[in-house]
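# Coordinates in review
Listed below are the residues making up each chain.
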Amino acid sequence: MVSAMIAALAGGLYASFAGYVAPDLIGLLLSTKVIVWVAVGGRGTLIGPVIGAVLVMQIERELSSINTSLWPLFIGAFFIAMVFLFPNGLAGLAQNLSARLTRKKNKGGAEHA
């Protein structure tokens, strides 16, 4: 119920901001974009999908300015690479690196003491 309420609020705000709602907004493209945002940013965190959305939208903007037909091919390859190489997304990668650095720092400090 809460998620439906948030979705209704977001839709109402979008419609009032954009001035119209086109039927193509409810298509497959937006749904897959959201999945890519979460996969790139990392699931299980609040900041991960936000980072993924910003990164993916920036890449989309840059590639679409060069050639609009490259974007779908690139995003598919990028999504597959992210899922295989970084299954926890960029947020998970940052957490792993932070944990490694902390362990290395603690291990190095214990040897010198």
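Our structure's up above, just so we're on the same page.
Values in this document were obtained by computation on a predicted structure and should not be read as measured data.

Our focus in this paragraph is the overall build of the chain. Secondary structure assignment for the chain yields 5 helices and 0 strands. Put simply, the chain runs from its N terminus to its C terminus through helices and strands in the order α-α-α-α-α. A compact globule built from 113 residues would reach a C-alpha radius of gyration of about 13 Å, whereas the chain, at 19 Å, exceeds it by more than 25%. Structurally, the chain occupies a C-alpha span of about 65 × 40 × 20 Å along its principal axes. The 113 residues of the chain split such that 19% are buried. Sequence-distant contacts in the chain: of pairs separated by 6 or more residues, those separated by 24 or more amount to 45%. About 8600 Å² of surface is accessible on the chain, with carbon and sulfur atoms providing 72% of the total. Taking the average location of the 8 positive side-chain charges in the chain and that of its 4 negative ones, the two points are 15 Å from each other.

It is worth spelling out the pattern of salt bridges at this point. Taken as a whole, this structure holds 1 salt bridge when the rule is applied. Notably, a salt bridge pairs Lys33 with Glu60, separated by 3.3 Å at the nearest N-O pair. Residue Lys33 is found in helix H2 (residues 28-41), and its partner Glu60 is found in helix H3 (residues 47-66); the two are separated by 27 residues along the sequence.

With that settled, the discussion passes to the packing of aromatic side chains. Summed over all chains, the structure comprises 2 aromatic pairs. Relative to Phe74, the ring of Trp71 has its centre 6.4 Å away and its plane inclined at 35 degrees; by these criteria the two rings are tilted. Of this pair, Trp71 and Phe74 both sit in helix H4 (residues 70-85), 3 residues apart, which is roughly one turn of the helix. Plain terms: the ring middles of Phe74 and Phe78 are 5.6 Å apart, the flat faces sit at 15 degrees to each other, and that makes the pair stacked. Residue Phe74 and its partner Phe78 are located together in helix H4, separated by 4 residues, close to a single helical turn. By way of ring pairs, the aromatic residues Trp71, Phe74 and Phe78 are connected into one cluster.

About the thresholds
- Residues numbered from 1 in each chain as written.
- Predicted model: local features only at pLDDT ≥ 70, side-chain atom pairs only at ≥ 80, totals over all residues.
- Heavy atoms only, no water.
- Helix = DSSP H or I, 4+ residues; strand = E, 2+ residues; numbered from the N terminus.
- Rg over C-alpha atoms; globule rule 2.2 N^0.38 Å.
- Buried < 20%, exposed > 50% of the residue type's maximum accessible area, 1.4 Å probe, protein only.
- Contact = heavy atoms within 4.5 Å.
- Areas by Shrake-Rupley, 256 points an atom, 1.4 Å probe, with all protein chains shown as cover.
- Lys, Arg positive; Asp, Glu negative; His and termini not counted.
- Charge placed at Lys NZ, Arg CZ, Asp CG, Glu CD.
- Salt bridge = Lys/Arg side-chain N within 4 Å of Asp/Glu carboxyl O.
- Phe/Tyr/Trp six-rings, centres within 6.5 Å; stacked < 30°, edge-to-face > 60°.

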